[in-house]
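Topology and contacts: notes
Below, each chain spelled out in residue letters.
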Amino acid sequence: MALRFGDKVSTAATDYGTVLLDERSGQYWELNPTASLIVTTLLAGGDETAAADALLAEFGIDRTRAEQDVATLVEELRASGLAA
């Protein structure tokens, strides 16, 4: 499933990943390059499998780890209220 951030979430790419700002609370979230790649893939309309595939291609990790990383990040973003 593709990812969508709420209208009160701003994103900014940095040299070290991506920063998210929850404008409702003023809380910043700093995403490392792995999480940034996941978010970029999902925001572009890719599903979780596509995000895991992107991790495999970019970082050479095993599929189980890639799928776990994607699922964990998506769960945390949704639980925080940043993403739908």
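Residues numbered from 1 in each chain as written. Predicted model: local features only at pLDDT ≥ 70, side-chain atom pairs only at ≥ 80, totals over all residues. Heavy atoms only, no water.

**Quick word on the environment of Glu30**
Condition: Counting from the N terminus, the helices are the DSSP runs of H or I reaching at least four residues and the strands are the DSSP runs of E reaching at least two. Think of it in three bands: with a 1.4 Å probe and only protein chains considered, a residue is buried below 20% of the maximum accessible area for its type, exposed above 50%, and partly exposed in between.
With respect to the helices, strands and loops of the structure, Glu30 is situated in strand β3 (residues 27–31). Glu30 sits in the exposed class, given a relative accessible area of 68%. Taking the C-alpha atoms as reference points, Glu30 and Thr11, separated by 19 residues in sequence, lie 9.9 Å from one another.

**Quick look at the sheet that holds strand β2 (residues 17–22)**
As a reminder of what qualifies: Strands are labelled as partners when DSSP assigns at least two bridges between them. Between N-to-C directions, angles cover 0 to 180 degrees, with each direction set by a line fitted to C-alpha atoms, over the stretch in contact for helices. Whether two residues touch is decided by their heavy atoms; if any such pair falls within 4.5 Å, the residues are in contact.
Here we have 3 strands laid out as an open sheet, ordered β1-β2-β3, and antiparallel in their pairing. A single partner strand is all that each edge strand has here, and the edge strands are β1 (9–14) and β3. On average, each strand axis in the sheet is tilted by 20° relative to the strand beside it, whichever way the strands run. Direction of pairing for β1 relative to β2: antiparallel, over a ladder of 6 bridges. Residue pairing in the sheet places Ser10 in a bridge with Leu21 of β2. The sheet strands contacting helix α1 (residues 33–43) are β2 and β3, and the helix crosses β3 at an angle near 100°.

**As for the nonpolar core**
Selection criterion: Only buried Ala, Val, Leu, Ile, Met, Phe, Trp, Tyr and Cys residues count toward a nonpolar core, and they belong to the same one when joined by side-chain atoms within 4.5 Å.
In terms of nonpolar packing, the biggest core is built from 19 residues, with Phe5 and Leu77 touching the most fellow members. Counting residues per element, the ones that place at least two in this core are α1, α2 (48–59) and α3 (63–79).

**Concerning the packing of α1 against α2**
Basically, it comes down to this: Relative orientations are named as follows: roughly parallel for angles under 35 degrees, roughly antiparallel for angles over 145 degrees, roughly perpendicular for angles from 65 to 115 degrees, and oblique for any other angle. Should the near helix be turned anticlockwise from the far one by less than a right angle, the crossing is termed left-handed; should it be turned clockwise, right-handed.
Running from amino to carboxyl end, α1 crosses α2 at an angle of 140°, the nearest separation of the two axes being 9 Å. In terms of orientation, α1 and α2 fall into the oblique class. Crossing hand, α1 versus α2: right-handed. Between α1 and α2, the residues in contact are Pro33, Thr34, Leu37, Ile38, Thr41 and Leu42 and Glu48, Ala50, Ala51, Ala54, Leu55, Glu58 and Phe59, respectively.

**So, the packing of α2 against α3**
Rules: Note on residue categories: nonpolar means Ala, Val, Leu, Ile, Met, Phe, Trp, Tyr, Cys or Pro, charged means Asp, Glu, Lys or Arg, and polar means any other residue, Gly included.
For the pair α2 and α3, the least separation of the axes is 9 Å and the interaxial angle reads 125°. With respect to their mutual orientation, α2 and α3 come out oblique. Pair α2 / α3 crosses with right-handed handedness. Listed contacts from α3 to Glu48, Ala51, Ala52, Asp53, Leu55 and Leu56 of α2 are Arg63, Ala66, Glu67, Asp69, Val70, Ala71, Val74 and Arg78. Considered class by class, the residues forming the contact of α2 with α3 number 8 nonpolar, no polar and 6 charged.

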